[in-house]
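The primary structure of each chain is shown beneath.
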Amino acid sequence: MTTNQREDILMTDSSLITLSVREALRDGMAEEMTRDETVFLMGEEVAEYNGAYKVSQGLLDQFGSKRVVDTPITEHGFAGLGVGAAFGGLRPIVEFMTFNFSMQAIDQIINSAAKTLYMSGGQMGCPIVFRGPNGAASRVGAQHSQCYASWYAHCPGLKVISPYSAGDAKALLKAAIRDPNPVVFLENELLYGRSFDDVSQDQDYVLPIGKALVRREGKDVTLTAFSIMVGKALEAADRLAEEGIEAEVIDLRTLRPLDVDTIIESVVKTNRIVSIEESWPFAGIGSEIAALMMEHAFDYLDAPVLRVTGADVPMPYAANLEHLALPQVDSIVEAAKAVCYRT
Amino acid sequence: MPKSLTEKEALKAYRDMLLIRRFEERASQLYGMGLIAGFCHLYIGQEAVVVGIQSVLKPQDTVITAYRDHGHMLACDMDPKGVMAELTGRSGGYSRGKGGSMHMFSREKNFFGGHGIVGAQVPIGTGLAFAHKYKEDKGVCIASMGDGASNQGQVYESYNMAALWKLPVVYVIENNHYGMGTSVERSSAGPNYYGRGQGWGIPGEKADGMILGEVREAAQRATDHARSGKGPYILEFDTYRYRGHSMSDPAKYRSKEEVEDVKIHHDPIDHFKTYMIETLKIKEDQIKAIDDEVKETVLEAVEFSKTSPEPDPSELYTDILKEKVPLQ
C-alpha cells in the first residue's frame, strides 16, 4: 500500500480508529511481538512499571518477562547488549526512558549498530530499534530537553523516524521493527496523550520509511516540520489562511532517509519554504533542508530558505524562558510571511 | 597438561598457534612494505590464549573481541587468505576491504568482530549471550578484552546484567600487562581482574596464558559453568605481547630484557612443542610437516592478499543499509 492510497483510506475507511499516540505505539509493539517471536522489548521500567510513560502498558502481562525485560539504569550497557542480541539473530526494541539518556549509549548506536554492516562488507546487519521520547517535554530543564534528530540523522547506517500522529507512530514503528537496519525512533512525550483518528487496525499495515506526508495543501509557502512541530505548523497554517496565505504543511515523518522529492515538489509549486524544528539551529535539520534546496531547487526559490528553530541555548527551566526557547506558532507565522514578503 | 589432549588435538593446537605466529610475522613484513596501513595490532606472544579457548568451544558458541583480533579469527578457523586480504584492503578480504585489521567478521564461523572501540565488544558479547539464552541453543559467548579495556565502565554494566540474568558468557581478560603504553600497575588499582566480578557473585580465576593446557582447562571450567545455566564467568590470562601495542608503537615503556625474558623462558609455542615431544612423544618429523604446511599456508595468504584486486569504486556506496541506498 502506498502513502497516497492510505490518504484515500483516511477519508473513507471506517476501520480507522482513534487512539492516543501512547496506545498506538503500544499496539504496534504488541502486534509485532505477536507476529515475530524474536522481537523483544528492553529498557528501564518497561516491564513491571509498564513504562515510565506507560507506553509499554500491559506488554509484560501479554508476553512475559523473557520478552519484556526491565534493565538496570545502564544505558551504555543495555544498548550494547541490544546490538549484540541483534547480531545474534534477535530483533530488539531498546527503549530509552528519554533520548537524553541515549548520549550515554551513543557509541554503541553509531559505532556498533550503524557501522558494522559496512565494516563487515555486508555480512552482519543489526536489526534493532532504539525508541523513546525525544526533545523538550515541559519544565524539565536543560539535560532533559534536547532534540537528537540531527545528531542521529547525520550518520550513515541509521534510519531516523520521528512521527507526529498516532496512526503514523504505529505504522512506522511496525516498519522500524521489521526493518533489517538499525532505526532510531524519536517519539515525543507531549504527544503521547494526544489522540488521532488515523490508526489502522490492520496488523499488516505498515508505512514506508522515508516518505513524508503533505498534511495540508497550499500554494503560497511550504512549511516542513516533524513530530510535535507538525501540530504547530498546522496551527500556523490556519492563522496564515486567515491572512490569505495558503501554506503547504509537510510532515517529514522520516529524517533519514529524508524525502527530498516531496519537499522539492512542494517548493516547485510554492517557491518558498520555512523549516521548523525544536532543536538548535546550528547544523540542524533545517540547515540540511536549506542546503538541499540550494542544491536541488535553487531556480524555484523566490526567497531565501528560513529556519524556525529552538533558541541556541541550553533549555532554561523558568516558564517564560522555556516558552521563548521553543518555536511558537507566532514565530512560524512571522517566518512564513517573511518569505512571502508580507508583513 | 590435561590428560584429555589427544595427539590429534595437540597437533591441531600447535598448528593453530604456529599459524597465528607466522601469519603475524608476515603481516608485520607487509606493513613494513606499505601493503598494510593504518592500525594493525599483532597477537604474537598471546597465541595459547585463543587457541586454548577455541579448543573447548562447541559449534554454536560465539566469539567476540576487540581490535587485536587476527589470532582470534585464525583460531576460529577463518581463512588466512581472507584475513590477510582484509589487512591489505582488498576485495578478497572478509569485509571486502572495507573493514581493515580491526573490523572483520564471519557469521559462518560465529566470529562477531573485530571492534575498534576499547570495551565496546563486552556488552555486545553479553548481548550475544542474551541471544543464546533467548534461543535456548545451549551456546556460550566468549567475550575477550585486554587489561586496558577492563577499566571501561561498560564492562561492569555488562557484568551486572550478565549476573542478573544468568547469561551464558565467559569474559576473557587477556592481561598482557600493558594497555598501549600504560602498565597495569599504573592503570589499575587492584590488579586482579578475575576478581572484579565478586560483587555480583561472578566466579573468576586466573591462569597462565602462556601454557596452552592451563588455558584449555580453565576455559573448559568456565564454559561448563556458563553452559550449565549458572551465568557468567571471568577468566584472566597472564600473557604477553612481544610487539608494540600497534605497528606504530616502538614500545619504549618496557625494557628489552623484560621482553627477551618472556620470549626465552615463557614462549607458548616453544613450551607446547617441548611438551608434545617429551610428554606426548610426538615425532619431530610430524612437527616439521606442520611447520612446512603453515609456512605454505601463510605464503599463499600473502600472495592472495597482494593479488586480490582492490574493491571496485562502486563498493564505496554498498553495505550502508541492507537495501541499496539511493545517492542524493
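Trainee: Provide a residue-level description of the interface of chain B and chain A, including the pertinent values.
Mentor: Taken together, the contact pairs 39 residues of chain B with 48 residues of chain A. For the chain B and chain A pair, buried surface summed over both sides reaches about 3,600 Å², with 62% attributable to carbon and sulfur atoms. For the chain B face of the interface with chain A, the top three residues by lost area are Arg 107, Tyr 134 and Lys 322 of chain B, together amounting to 21%. One can count two salt bridges joining chain B with chain A. The shortest N-O distance in the salt bridge between Lys 159 of chain A and Glu 323 of chain B comes to 2.4 Å. Across the contact surface, chain B and chain A share 22 residue pairs in polar contact (both at pLDDT 80 or more). Among the elements that take part in the side of chain B that touches chain A, helix 5 (residues 121–135) of chain B stands out by supplying nine residues, more than any other.

Trainee: Account for unusual backbone geometry, naming residues and giving values.
Mentor: For the bond from Arg 256 of chain A to Pro 257 of chain A, the omega torsion is 0 degrees, close enough to zero to count as cis. Here Pro 257 of chain A is to be found in the loop between strand 12 (254–256) and helix 11 (260–270). For the bond running from Gly 113 of chain B to Gly 114 of chain B, omega is 25 degrees, close enough to zero to count as cis. With respect to the helices and strands, Gly 114 of chain B occurs in the loop between helix 4 (80–87) and helix 5.

Trainee: I'd like a description of empty space enclosed by the protein, backed by residues and values.
Mentor: Residues and elements named next belong to chain A. Summed over the entire model, instances satisfying the criterion amount to six cavities of 30 Å³ or more. Space inside the largest cavity adds up to approximately 110 Å³. What lines the largest cavity is a set of 13 residues, among which Ser 145, Glu 278, Ser 279, Trp 280 and Met 315 lie closest to the centre. Its residues placed into classes, the lining of the largest cavity shows eight nonpolar, four polar and one charged.

Trainee: Kindly report on the packing of aromatic side chains, identifying the contributing residues and their values.
Mentor: Taken as a whole and assessed by the stated rule, the structure comprises 18 aromatic pairs over all chains. Between Phe 272 of chain B and Tyr 275 of chain B, the ring centres sit 5.7 Å apart and the planes meet at 35 degrees, which makes this aromatic pair tilted. Residue Phe 272 of chain B and its partner Tyr 275 of chain B are located together in helix 10 (residues 268–278), separated by three residues, close to a single helical turn. Through successive ring pairs, a cluster of aromatic residues spans Phe 78, Phe 96, Phe 99, Phe 130, Tyr 148, Trp 151 and Tyr 152 of chain A. The residue whose ring lies beneath Arg 139 of chain A is Tyr 317 of chain A, and the NZ or CZ to ring-centre distance is 4.2 Å.

Trainee: Can you tell me about the environment of Glu 278 of chain A, naming the residues and giving the values?
Mentor: All names here are of chain A. Residue position: Glu 278 is located in the loop between strand 13 (273–276) and helix 12 (285–296). What makes Glu 278 buried here is its relative accessible area of 14%. Taking the C-alpha atoms as reference points, Glu 278 and Tyr 192, separated by 86 residues in sequence, lie 17 Å from one another. Discounting residues that sit within four places of it in the chain, Glu 278 has contacts with Gly 135, Ala 136, Asn 188, Ile 228, Met 229, Gly 310, Leu 326 and Pro 327.

Trainee: Go over the layout of surface pockets with me, naming the residues and quoting the values.
Mentor: All names here are of chain B. Estimates place the volume of the second largest pocket at around 420 Å³. Sorting the residues of the lining of the second largest pocket by element identifies helix 1 (7–32), helix 2 (47–54), strand 1 (62–64) and helix 8 (212–227) as the ones contributing at least two each. The residue inventory of the lining of the second largest pocket, partitioned by class, reads nine nonpolar, four polar and 10 charged.

Trainee: Could you give me a rundown of helix 5 of chain B, with the residues and numbers involved?
Mentor: Residues and elements named next belong to chain B. Taking 1.5 Å of rise per residue, the 15 residues of helix 5 would be expected to cover 21 Å, and the 21 Å separating its terminal C-alpha atoms lies within 8% of that figure. The buried fraction of helix 5 amounts to 13 of the 15 residues, a majority that puts the element mostly inside the structure. Looking one or two places after helix 5, you find Glu 136, whose phi comes out positive at around 55 degrees.

Trainee: Tell me about the packing of helix 4 (residues 75–87) of chain A against helix 5 of chain B, and name the residues and values.
Mentor: Look at helix 4 of chain A against helix 5 of chain B: their axes get within 6 Å of each other, and the N-to-C directions meet at 50 degrees. Considering their axes alone, helix 4 of chain A and helix 5 of chain B lie oblique with respect to each other. As for how helix 4 of chain A packs across helix 5 of chain B, the hand of that crossing is right-handed. Of helix 5 of chain B, the residues touching helix 4 of chain A (which contributes Gly 77, Gly 80, Leu 81, Val 83, Gly 84, Ala 85 and Phe 87 of chain A) are Pro 123, Ile 124, Thr 126, Gly 127, Leu 128, Phe 130 and Ala 131 of chain B. By residue class, the composition of the contact of helix 4 of chain A with helix 5 of chain B is nine nonpolar, five polar and no charged.

Trainee: Can you explain the sheet that holds strand 4 (residues 91–95) of chain A? Please cite residues and give values.
Mentor: Strands pair in a sheet through their backbones, by hydrogen bonds, and they do so in one of two ways: parallel or antiparallel. Residues and elements named next belong to chain A. What the seven strands build is an open sheet, ordered 3-2-4-5-7-6-12; its pairing is mixed. On the outer flanks of this sheet lie strand 3 (68–70) and strand 12, each paired with one strand and no other. Along the sheet, successive strands turn relative to each other by an average axial angle of 20 degrees, direction set aside. Pairing geometry for strand 6 (residues 159–161) and strand 12, over two bridges, is antiparallel. Pairing of Val 160 across the sheet is with Arg 256, part of strand 12.

Trainee: Outline the pattern of salt bridges, listing residues and values.
Mentor: Residues and elements named next belong to chain A. According to the stated counting rule, one finds 39 salt bridges over all chains in the structure shown. The closest approach of N and O atoms between Arg 239 and Asp 330, which form a salt bridge, is 2.9 Å. Residue Arg 239 is found in helix 10 (residues 228–242), and its partner Asp 330 is found in helix 14 (residues 329–339); the two are separated by 91 residues along the sequence. The class of Arg 239 is partly exposed, set by a relative accessible area of 32%. A single salt-bridge network, built from bridges that share partners, covers Glu 31, Glu 32, Arg 35, Lys 170, Lys 174 and Arg 178.

Trainee: Can you lay out the sheet that holds strand 11 (residues 247–251) of chain A for me, pointing to particular residues and giving the numbers?
Mentor: Residue and element names in this part refer to chain A. Within the open sheet, the five strands sit side by side as 9-11-10-13-14. Their pairing is mixed. Single-partner strands in this sheet number two, and they are strand 9 (213–216) and strand 14 (306–308). Neighbour-to-neighbour, the strand axes of the sheet open up by a mean angle of 25 degrees, direction not taken into account. Note: strand 13 against strand 14, three bridges, orientation parallel. Counted as the bridge partner of Val 274 is Leu 306 from strand 14. Contacts from helix 11 reach strand 9, strand 10 (221–225), strand 11 and strand 13, with the element oriented near 175 degrees to strand 11. Helix-sheet contacts for helix 14 involve strand 10, strand 13 and strand 14, and the interaxial angle to strand 14 is about 175 degrees.

What counts, and at which threshold
- Per chain, residues are indexed from 1 in the order of the written sequence.
- Note on labels: chains are lettered from A, ligands numbered from 1, in written order.
- With pLDDT at 70 or above as the cut-off, local features in this predicted model cover only qualifying residues; side-chain atom pairs require 80 or more to be listed or tallied, and sums for whole chains, interfaces and linings still use all residues.
- The side-chain values count all of the structure's non-hydrogen atoms but skip hydrogen atoms and water molecules.
- Here, two residues are considered to be in contact whenever any of their heavy atoms come within 4.5 Å of each other.
- Here the buried area means the combined drop in accessible surface, using a 1.4 Å probe, for two parts upon being joined, counting both sides.
- Salt bridges are identified by distance alone: a Lys or Arg side-chain nitrogen within 4 Å of an Asp or Glu carboxyl oxygen.
- Counted as a polar contact is a pair of N or O atoms within 3.5 Å, where, for protein atoms, one must be capable of donating a hydrogen and the other of accepting one, and residues adjacent in sequence contribute only when both atoms are in side chains.
- Each helix is a run of H or I in the DSSP string that is no shorter than four residues. Each strand is a run of E no shorter than two, and both are numbered from the N terminus.
- Lining residues are defined by having an atom within 4 Å of a point belonging to a cavity or pocket. Those points lie on a 1 Å grid over the protein atoms alone, cavities being sets where a 1.4 Å probe fits but cannot get out and pockets being open sets with protein on both sides within 12 Å along at least five of seven lines.
- Grid points are joined across faces, edges and corners, and a volume is the space filled by probe spheres set on the points.
- Amino acids are sorted into nonpolar (Ala, Val, Leu, Ile, Met, Phe, Trp, Tyr, Cys and Pro), charged (Asp, Glu, Lys and Arg) and polar (every other residue, Gly among them).
- The criterion for an aromatic pair is that two Phe, Tyr or Trp rings (for Trp, the six-membered ring) have centres within 6.5 Å, with stacked assigned to planes under 30 degrees apart, edge-to-face to planes over 60 apart and tilted to the rest.
- Both a distance and an angle decide whether a charge sits over a ring: NZ of Lys or CZ of Arg must be within 6 Å of the ring centre and within 35 degrees of the ring normal.
- Think of it in three bands: residues with accessible area under 20% of the maximum for their type are buried, residues over 50% are exposed, and the middle band is partly exposed, with areas taken using a 1.4 Å probe on protein chains only.
- Helix span, expected: 1.5 Å multiplied by one less than the number of residues in the helix.
- Every angle, taken between N-to-C directions, lies between 0 and 180 degrees, and every axis is a line fitted to C-alpha atoms, over only the stretch in contact when it is a helix.
- Put simply, angles under 35 degrees are roughly parallel, angles over 145 are roughly antiparallel, angles from 65 to 115 are roughly perpendicular, and the rest are oblique.
- A crossing counts as left-handed when the near helix is turned anticlockwise from the far one by less than a right angle, and as right-handed when that turn is clockwise.
- Two strands pair if DSSP finds at least two bridges between them.

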